[in-house]
Amino acid sequence: MGLKMMVPLVLFLVGFVSADPLEFRSNFEYLDYNTNVAEPKYRLLDTVQPLDVFVDLDVYLSESRFNGLVQLVVDVRQSLTQIVLHQNVVSIQGVNVIDGTSRPVPLNTSTPFEIDSYFEILKINFDRVVLPGRYTITVSYLGRINENPVDRGFYKGYYYYGTQKREYATTQFQPFHARKAFPCFDEPQFKSRFFISITRDRNLSPSFSNMDIRETQIVSANRVREAFLPTPVVSAYLVAFHVSDFVATNLTGTLSKPFQIISRQGPTNQHAYAADIGLRITDKLDEYFDIGYYDMGQGQPMKNDHIALPDFPSGAMENWGMVNYREAYLLYDPAHTNLINKIFIATIMAHELAHKWYGNLVTCFWWSNLWLNESFASFFEYFGAHYADPSLELDDQFVVDYVHSALNWDAGAGATPMNWTGVVTNPSVSSHFSTTSYAKGASVLKTLEHFVGFNTFRNALRIYLRNNAYGVGYPEDMYAAFRTAVSQDSTFARDFPNIDIGRVFDSWVQNPGSPVVNVNVNMSSGVITLTQQRFQLSGTPNPTLWQIPISWTHSAEMNFENTRPRFVMTTQSADLRKDPGHHWVMLNIAQSGLYRVNYDDHNWEMIASHLRRNRTSIHKLNRAQIVNDVLYFVRAGVINVNRAFDVLSFLKDETDYYVWAGALSQLDWVRSRLEHLPVAHQEFSAYLMELMESVIRHLGYEERTTDTTSTILNRMQILNYACNMGHEGCIADSLAKWRAFRQNENNLVPVNARRYVYCTGLRHGNSSDYDFLFRKYNESENTADMVVMLRTLACTRDRVSLEHYLQQSMYNDKIRIHDRTNAFQYALQGNRENFQIVLNFLYNYFNTIRTTYGGAARLDICINALPGFMREFQHISQFQTWVYRNQIALGSSFSASVNVVSSSISNLEWGNNAAVQLLTAVRNVRSSAASMTVSVVMLMVALAVNFFK
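Residues numbered from 1 in each chain as written. Predicted model: local features only at pLDDT ≥ 70, side-chain atom pairs only at ≥ 80, totals over all residues. Heavy atoms only, no water.

Trainee: What should I look at first to understand the overall build of the protein in this one?
Mentor: Broken down by element type, the protein carries 29 helices and 30 strands. In terms of C-alpha radius of gyration, the protein reaches 30 Å, essentially the compact-globule figure of 30 Å for 949 residues. Its C-alpha atoms put the protein at 95 × 70 × 55 Å along the principal axes. Taking all 949 residues of the protein together, the buried fraction comes to 63%. For the protein, restricting intrachain contacts to residue pairs at least 6 apart in sequence, the fraction spanning at least 24 positions comes to 72%. By element, 50% of the accessible surface of the protein is carried by carbon and sulfur atoms, the whole surface being about 34900 Å². Positive and negative side-chain charges of the protein, numbering 81 and 89 respectively, have mean locations separated by a distance of 2 Å. (Helix = DSSP H or I, 4+ residues; strand = E, 2+ residues; numbered from the N terminus. Rg over C-alpha atoms; globule rule 2.2 N^0.38 Å. Buried < 20%, exposed > 50% of the residue type's maximum accessible area, 1.4 Å probe, protein only. Contact = heavy atoms within 4.5 Å. Areas by Shrake-Rupley, 256 points an atom, 1.4 Å probe, with all protein chains shown as cover. Lys, Arg positive; Asp, Glu negative; His and termini not counted. Charge placed at Lys NZ, Arg CZ, Asp CG, Glu CD.)

So, in structure tokens, the structure goes:
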């Protein structure tokens with residue numbers, strides 16, 4: 001044992017108090033004195049601060065248990081009679097406290113410590129008032145290695161090396177799971193140095209933690225103890241350790257900049273891409289932030305390890321010095337990893353590396369302002385990777401991925417603000433790890449970067465980091481950094497007098513939802529009247545005011561290059577002015593701001609005409625915004641439907657990835673709401689086929705060496721959708737590729753075509769096709785390719801095969817626990833006619849699903865997926881009957897099940913209400929309208945029949 005780790009043994013034994021923890025709250029006799037526990041008791045007050053934390057774990061991997069000893073050196077800042085820590089271990093064996101002179105501090109003789117399992121806290125009760133000063137708390141305890149990775153904390157996973165099953169143990173502590181491994185101050189505001197020691201079996205590889213191994217001791221013939229260097233000052237949720245027989249490669253690192261990729265034994269030949277792109281991203285972020293990653297160790301050498309885990313409940317985790325990933329997000333095999341997954345590797349590595357500055361170096365003070373960590377990591381997820389490899393086009397992908405995702409999320413009435421004061425309990429903490437904190441926050445940052453400019457934005461971020469390094473950050477700290485940065489930019493005061501950048505920023509942080517700017521253009525006078533309001537798909541939004549940086553152009557002087565706003569809209573309405581004349585107006589250049597734009601009907605009419613004549617003169621990201629906004633306005637009922645499809649008519653000539661990415665999901669949303677109305681659904685599907693014909697011809701079925709990233713992505717999204725809709729050319733080409741693969745397994749399907757080729761092969765095949773792909777799934781050594789196969793196995797139309805697939809989702813240990821809910825959803829997506837089979841599986845096995853998928857929350861994920869596929873009233877009625885018959889057995893999943901019924905009915909009602917207008921609008925724009933014989937009257941009759949079923 002290291003001397004820094006342990007108090008002298010005799011003193012420890014003398015001062016130790018052994019007692020059975022008492023399962024009740026603090027004794028009322030202490031109410032007159034202070035404690036460091038807050039109300040409610042999920043949180044701790046800052047009156048006790050950890051300084052150094054020594055964690056010594058004796059790990060028995062095969063037995064899924066460990067013995068723990070934690071020693072916390074704390075600074076008590078006010079007199080108190082009780083110190084409270086977080087804990088969620090198996091049992092506390094004893095507690096000891098000494099003061100700064102190593103003298104024992106007496107504990108209460110009757111109740112020296114108590115456990116509150118509900119709030120997950122340990123209360124240490126003193127015999128008398130403890131004065132301010134430095135103290136050392138030592139806790140001996142027993143812990144479990146969780147066998148369900150979804151439970152997080154210190155958990156166990158497994159992998160196969162050949163036919164041999166091997167186990168490992170690793171950690172996932174964010175947001176409040178460090179307490180499962182050791183008692184601690186388990187909130188982000190409490191930062192300290194951590195000294196980690198791990199004792200393990202000698203037959204395993206050296207353990208990993210945040211820092212390098214300082215010392216290795218042979219404890220016995222079969223046991224080894226490894227003590228690690230102290231971490232920088234860090235929050236408990238960022239502590240990490242890993243016990244396994246994994247192997248590391250150092251393909252790109254140097255002595256001064258070590259960079260390791262670590263994985264199970266076997267796929268080390270899949271380390272190279274992550275090793276290359278990860279180090280390049282690190283270098284780019286070093287340069288951007290002007291703080292070197294390898295200089296952050298506070299006197300200790302920093303390492304940069306990245307571990308691929310077969311089982312991981314999150315996508316990745318930014319532990320300082322030891323980042324954890326799902327295998328699919330780190331390991332790359334060019335023969336089996338498609339471009340989408342390659343991009344995932346680059347962007348997720350960039351996200352986790354950005355956290356080293358935003359989250360680790362400076363940490364949000366509490367999860368209510370998680371955006372101070374996650375928004376910046378999400379921003380650099382795209383732009384950090386973009387700086388390292390511009391060919392991935394991540395600067396443009398950010399708009400159709402994150403800006404559109406944020407606007408979609410914010411269109412719901414229940415959207416929460418970035419600063420959500422309702423984050424108090426553990427469940428509310430978990431729920432704030434959402435689109436609001438990630439995609440929306442990142443989109444707000446991009447809005448601000450366009451507003452203040454690249455250099456000033458970067459300067460603000462650097463100021464925030466320098467001013468708060470190794471501490472915690474508050475929103476006001478961020479606003480102050482931006483105020484300082486813009487004060488150093490003379491152009492800002494010139495262009496935006498009387499604008500407080502902090503107030504602009506705060507309006508986006510505090511307000512739930514996102515705005516729509518309504519635009520009315522007076523062509524005669526040139527006056528452009530703007531009004532803002534919160535955009536919601538349904539319901540009446542509360543009055544909300546943002547300070548919106550507005551960029552705009554018009555057809556007389558088109559300029560889509562300058563995205564810097566011309567003014568800031570700080571009131572509910574405002575006027576712009578252009579020269580009089582018949583010129584359309586367009587706001588939000590290159591969708592540089594987080595807001596939708598709805599124009600008056602005539603301006604929309606002019607935009608529609610221009611798009612048909614000369615669409616490429618309008619920026620591709622504005623075209624992407626237009627189609628996305630228009631379809632959301634159709635859903636919300638705030639645009640004339642005929643005009644909306646007039647605007648969308650240019651899509652029949654559109655070939656750009658970004659525009660189609662903005663349109664496809666929403667066009668499919670509309671199409672799916674018409675599925676219970678065969679006439680409307682058939683005609684809308686034909687309309688979509690006509691729209692897509694040009695882009696399909698443009699892309700072709702074969703990938704070319706000259707294809708850009710966006711071209712390849714476009715082919716993937718368009719052909720996947722076209723094959724699903726039954727496009728004859730897509731199906732014929734896919735079947736040819738599939739059959740060639742079946743006949744000769746060396747004729748691999750092109751990696752970027754596998755999703756739609758495999759799915760088409762199984763959809764138009766039989767049980768032998770399913771069996772073939774299932775065998776390939778079980779043989780694969782590339783996790784990303786396995787996920788593609790898992791998705792496409794569900795495309796089978798063979799009942800026995802699909803039932804086998806669903807059973808395998810519960811019992812096949814090659815299907816990882818984090819993929820089991822995905823398998824259920826893939827079964828829903830695979831074929832419309834398989835829906836009843838999936839429902840029957842849920843009805844018959846929901847209890848087993850709850851157990852084998854990882855708990856009640858995982859069952860909820862499956863149930864919550866149903867409304868998007870429950871498109872027949874008879875299914876809704878059947879499901880509702882089942883729900884109420886099984887109300888008690890469903891337990892906490894009952895409320896989710898009830899919501900499925902209401903959501904599914906709402907989907908049918910939307911289709912019923914919109915069908916006539918949609919069909920009329922589609923017929924107006926289809927070139928073959930004259931040949932259509934089914935009348936709108938017949939559709940209305942069909943609607944009435946469906947309604948009264």
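Trainee: How do you make sense of the state of the cysteines when you look at a structure like this?
Mentor: The term disulfide refers to a covalent linkage connecting the sulfur atoms of a pair of cysteines. Evaluated as defined, the whole model comprises 2 disulfides. With its sulfur 2.0 Å from that of its partner, Cys 723 forms a disulfide with Cys 730. Here Cys 723 and Cys 730 share a disulfide; its torsion about the S-S bond, -95°, makes the bridge left-handed. Just as Cys 723 is buried, Cys 730 falls in that class too. Numbered by position along the chain, the disulfide-linked cysteines of the protein connect as 1-2, 3-4. (Disulfide = S-S within 2.5 Å.)

Trainee: Even after reading the chapter, I still don't get the packing of aromatic side chains, so can you show me in this structure?
Mentor: Each aromatic ring pair is summarised here by two numbers: the centre-to-centre distance and the angle between the ring planes. As enumerated under the stated definition, the model contains 66 aromatic pairs in all. Between Tyr 329 and Phe 344, the aromatic rings sit 5.8 Å apart at their centres with planes inclined by 85°, giving edge-to-face as the arrangement. On the criterion of sequence distance, the pair formed by Tyr 329 in the loop between β20 (322-326) and α3 (339-354) and Phe 344 in helix α3 is long-range, its members being 15 residues apart. Relative accessible area serves as the criterion here: at 34%, Phe 344 is assigned to the partly exposed category. Aromatic side chains Phe 492 and Phe 496 sit 5.3 Å apart centroid to centroid with 45° between the ring planes, which places their arrangement in the tilted category. Accessibility expressed as a relative area gives 4% for Phe 492, which makes it buried. Taking relative accessible area as the criterion, Phe 496 reaches 4% and is therefore assigned buried. (Phe/Tyr/Trp six-rings, centres within 6.5 Å; stacked < 30°, edge-to-face > 60°.)

Trainee: Mind showing me how you'd approach the pairing of strand β3 (residues 80-86) here?
Mentor: Each regular strand displays side chains that alternate between the two surfaces of the sheet. Burial of β3 is extensive: 7 of the 7 residues sit out of reach of the surface. Alignment of β3 against strand β6 (residues 121-130), held across 6 bridges, turns out to be antiparallel. Within β6, the position partnered with Gln 82 by the bridge is Asn 125. (Pairing = 2+ DSSP bridges.)

Trainee: Quick question: what am I supposed to make of the nonpolar core here?
Mentor: Generally speaking, a soluble globular protein has its nonpolar side chains buried in company with each other. Among the nonpolar cores identified, the biggest contains 314 residues, and Phe 182, Leu 587, Tyr 805 and Phe 879 are the most heavily contacted of them. Considering every element that reaches this core, the biggest residue donor is helix α28 (residues 894-925), with 11 residues. (Core = buried A, V, L, I, M, F, W, Y, C linked by side-chain atoms within 4.5 Å.)

Trainee: Help me out: how do you make sense of helix α7 (residues 436-452) in this one?
Mentor: Helical periodicity: at 3.6 residues per turn, an α-helix aligns residues three or four positions apart in one direction. Counted at 1.5 Å a residue, the expected span for α7 with its 17 residues is 24 Å, and the 22 Å between its end C-alpha atoms agrees. Phi for Gly 453, located one or two positions after α7, is positive at around 100°. (Expected span 1.5 Å × (residues − 1).)

Trainee: Whenever I open this one, the UniProt feature "site: Transition state stabilizer" (unreviewed entry) in the protein confuses me. Can you help?
Mentor: Under the UniProt annotation, the feature "site: Transition state stabilizer" (unreviewed entry) is placed at Tyr 438. Among residues more than four places away in sequence, those in contact with Tyr 438 are His 351, Glu 374, Ser 375, Ser 378 and Phe 433. Within the structure, the side chain of Tyr 438 is placed 3.3 Å from the side chain of Glu 374, a separation counted as a polar contact. (UniProt positions renumbered as here; feature names shortened; annotations may be inferred. Polar contact = N/O pair within 3.5 Å; in protein donor to acceptor, adjacent residues only side chain to side chain.)

Trainee: I tried to follow the packing of helix α22 (residues 799-811) against helix α23 (residues 817-830) on my own but got confused; where do I start?
Mentor: Angle between the axes and distance between the axes: these two values describe a pair of packed helices. Two elements in contact, α22 and α23, have axes whose closest approach is 9 Å; the angle formed by their N-to-C orientations is 165°. Taken together, the axes of α22 and α23 lie roughly antiparallel to each other. Where α22 crosses over α23, the handedness of that crossing is left-handed. Contacts between α22 and α23 involve Leu 802, Tyr 805, Leu 806, Ser 809 and Met 810 on the former and, on the latter, Arg 820, Ala 823, Tyr 826 and Ala 827. Per-class residue counts for the contact of α22 with α23 are 7 nonpolar, 1 polar and 1 charged. (Axes fitted to C-alpha atoms, helices over the stretch in contact; angles between N-to-C directions. Parallel < 35°, antiparallel > 145°, perpendicular 65-115°, else oblique. Left-handed = near helix turned anticlockwise from the far one by under 90°. Nonpolar A, V, L, I, M, F, W, Y, C, P; charged D, E, K, R; others polar.)

Trainee: For this particular structure, what's the right way to read the packing of helix α12 (residues 601-614) against helix α13 (residues 620-636)?
Mentor: At a closest axis distance of 13 Å, the pairing of α12 and α13 adopts a crossing angle of 135°. The angle between α12 and α13 places the two elements in the oblique class. Here the hand of the crossing between α12 and α13 comes out left-handed. Seen from α12, the contacting residues are Trp 604, Ile 607 and Leu 611; seen from α13, they are Arg 623, Ile 626, Val 630 and Phe 633. Across the contact of α12 with α13, the residue classes break down as 6 nonpolar, no polar and 1 charged.

Trainee: What's the story with the sheet that holds strand β30 (residues 596-599) in this structure? I'm lost.
Mentor: Whenever strands of a sheet pair, they do so through backbone hydrogen bonds, lying parallel or antiparallel. Spatial ordering of the open sheet is given by β28-β24-β23-β30, a layout of 4 strands whose pairing is mixed. The outermost strands of the open sheet, each flanked by one partner alone, are β28 (573-577) and β30. Ignoring which end each strand starts from, the neighbouring axes of this sheet average 25° apart. Note: strand β23 (residues 515-521) against β30, 4 bridges, orientation parallel. Among the inter-strand pairings, Val 519 is bridged to a residue of β30, identified as Tyr 599. With respect to the sheet, α12 is in contact with β23 and β30, its orientation differing from that of β30 by roughly 105°. Strand contacts of α13: β23 and β30, with the helix running at about 75° to β30, the strand carrying the most contacts.

Trainee: I keep staring at the pairing of strand β13 (residues 223-228) and nothing clicks. Help me out?
Mentor: Of all 6 residues in β13, 6 are buried, a share of seventy percent or more. Relative to β13, strand β10 (residues 191-201) is paired through 5 bridges, and the arrangement is antiparallel. Each residue of the ladder has a partner; that of Thr 199, found in β13, is Arg 225. Sheet topology places strand β12 (residues 213-220) next to β13; 6 bridges connect them, and they run antiparallel. Paired with Gln 217 across the bridge in β13 is Arg 225.

Trainee: Teacher, can you tell me more about the side chain of Asp 116 here?
Mentor: You can see Asp 116 is positioned in strand β5 (residues 113-116). Asp 116 gets classed as buried once you look at its relative accessible area, which sits at 9%. Polar side-chain contacts of Asp 116 include one of 3.1 Å to the backbone nitrogen of Tyr 118.

Trainee: Looking at this structure, how should I read the sheet that holds strand β17 (residues 260-263)?
Mentor: Pairing in this open sheet of 5 strands is mixed, and the strands run β16-β17-β18-β20-β19 from one edge to the other. With partners counted over all chains shown, the strands left at the sheet margins are β16 (247-249) and β19 (316-317), one partner each. Sheet analysis places strand β18 (residues 305-309) next to β20, joined by 5 bridges and oriented parallel. Among the inter-strand pairings, Leu 309 is bridged to a residue of β20, identified as Arg 326.

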